[in-house]
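Inside the fold
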Amino acid sequence: MLTYVDEKDVDLRQHILDRYDVFLFDCDGVLYKGNEGVPGAELALESLIASGKLVLFITNNSTKTKGDIVKKLKKCGITSVDEDHVVSSAYATGSYLRLLNFNKKVFCIGEPGLKHEIREAGFDIVPCPSFSKSDGSVDIDELMAAKLDSDVGAVVAGGNYSFSHTPLATATHQLHKP
């Protein structure tokens with residue numbers, strides 16, 4: 001249930017504080033926009049934490065490590081935070097693979113934050129070979145002839161600021177290998 005809490009409605013605020021012990025907050029666009037904190041967010045969060053509430057920070061941004069997110073939150077004035085209070089999509093992916101007792105290598109398309117969290121979860125990441133022609137297109141013949149790592153059991157993809165067709169073609173080939 002979504003409820004707007006007017007800052008003057010002390011009774012409703014107190015009711016929410018009395019009723020709930022855990023609060024989840026999205027990060028991007030809620031607690032900060034770009035590199036700037038949302039005004040007042042740090043005061044509200046520090047107040048919740050000071051009152052003994054568990055505050056967790058969640059994000060679907062896979063490009064950053066949990067440590068990167070903690071640094072950004074602290075820069076925005078939210079100082080009572082550590083990595084144990086952050087859940088990112090990258091961290092959740094690694095945790096999910098562990099929950100499945102997954103025991104193969106991972107082909108990963110994404111930024112260093114995603115790769116770091118997958119490694120931290122205990123998985124080996126297979127690097128993407130280069131099958132690009134000089135014009136940036138994929139050399140399909142070379143890709144199809146390549147011997148890919150037979151121990152890759154998952155392809156994980158996340159945000160990627162320098163996307164090219166090579167990792168996507170390689171991932172597709174990994175998924176369809178015999």
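No experiment lies behind these values; they were computed from the predicted model shown. (Residues numbered from 1 in each chain as written. Predicted model: local features only at pLDDT ≥ 70, side-chain atom pairs only at ≥ 80, totals over all residues. Heavy atoms only, no water.)

On a plain count of helices and strands, the protein comes out with 7 helices and 8 strands. The C-alpha atoms of the protein give 21 Å as radius of gyration, which overshoots the globular expectation for 178 residues (16 Å, by more than 25%). Overall size of the protein, expressed as C-alpha extent along the three principal axes, is 70 × 35 × 30 Å. Summarising the internal contacts of the protein: among those between residues at least 6 apart in sequence, 68% fall at separations of at least 24. Positive and negative side-chain charges of the protein, numbering 19 and 25 respectively, have mean locations separated by a distance of 3 Å. (Helix = DSSP H or I, 4+ residues; strand = E, 2+ residues; numbered from the N terminus. Rg over C-alpha atoms; globule rule 2.2 N^0.38 Å. Contact = heavy atoms within 4.5 Å. Lys, Arg positive; Asp, Glu negative; His and termini not counted. Charge placed at Lys NZ, Arg CZ, Asp CG, Glu CD.)

Another point: the packing of helix α4 (residues 89-99) against helix α5 (residues 112-120). Packed helix pairs are specified by the crossing angle of their axes together with the interaxial distance, meaning the distance between the axes. Their axes nearest at 8 Å, the elements α4 and α5 cross at an angle of 30 degrees. Of the possible angle classes, the one that applies to α4 and α5 is roughly parallel. Like other packed secondary-structure pairs, α4 and α5 cross with a definite hand, here right-handed. Residues A90, Y91, T93 and G94 of α4 form the contact with α5, whose own contacting residues are G113, L114, E117 and I118. Partitioning the contact of α4 with α5 into residue classes produces 4 nonpolar, 3 polar and 1 charged. (Axes fitted to C-alpha atoms, helices over the stretch in contact; angles between N-to-C directions. Parallel < 35°, antiparallel > 145°, perpendicular 65-115°, else oblique. Left-handed = near helix turned anticlockwise from the far one by under 90°. Nonpolar A, V, L, I, M, F, W, Y, C, P; charged D, E, K, R; others polar.)

Tallied over the full model, the rule gives 2 aromatic pairs. Seen from the ring of Y91, K66 lies directly overhead, with NZ or CZ sitting 3.7 Å from the centre. (Phe/Tyr/Trp six-rings, centres within 6.5 Å; stacked < 30°, edge-to-face > 60°. Lys NZ or Arg CZ within 6 Å of the ring centre and 35° of its normal.)

Turning to helix α2 (residues 41-50), a few remarks are in order. Residues spaced three or four apart along an α-helix point in a common direction, a consequence of the helix completing one turn every 3.6 residues. When we look at burial in α2, the residues that qualify are A41, L45, E46 and L48. Buried residues in α2, looked at end-on, bunch into an arc of 160 degrees, giving them a common side. Summarising the geometry of α2, the exposed residues directed more than 90 degrees from the buried face are L43 and A50. Summarising the contacts, the buried residues of α2 are in contact with α1 (10-19), β1 (22-26) and β4 (54-59). (Buried < 20%, exposed > 50% of the residue type's maximum accessible area, 1.4 Å probe, protein only. Arc of directions from axis to C-beta.)

Before going further, it helps to examine the sheet that holds strand β7 (residues 125-126). Judged by pairing direction, the sheet is parallel, and its 3 strands sit side by side in the order β7-β6-β8 without closing on themselves. Each having just a single partner strand, β7 and β8 (152-157) make up the two edges of the open sheet. Relative to β8, strand β6 (residues 105-109) runs parallel, the two sharing 5 bridges. Across the sheet, the residue bridging to C108 is V156, located in β8. (Pairing = 2+ DSSP bridges.)

Glancing now at the nonpolar core. With 16 residues, the main nonpolar core has L31, Y32, L45, F57 and L73 as its most contacted residues. Where this core is concerned, the elements lending two or more residues are α2, β4 and α3 (66-75). (Core = buried A, V, L, I, M, F, W, Y, C linked by side-chain atoms within 4.5 Å.)

As a further point, take α3. All of the buried residues along α3 are K66, G67, I69, V70, K72 and L73. Just downstream of α3, G77 is the residue with a positive phi angle, here 95 degrees.

What follows is about the pairing of β6. Judged by how many residues are buried, β6 sits mostly within the fold: 4 of 5 residues are covered. Taken together, the 2 bridges between β6 and β7 define a ladder with parallel strand orientation. Paired with F107 across the strands is V126, a residue of β7. Where the polypeptide runs from β6 across α5 and back to β7, its parallel neighbour, the crossover connection is right-handed. (Right-handed = clockwise from strand over helix to strand, strands pointing away.)

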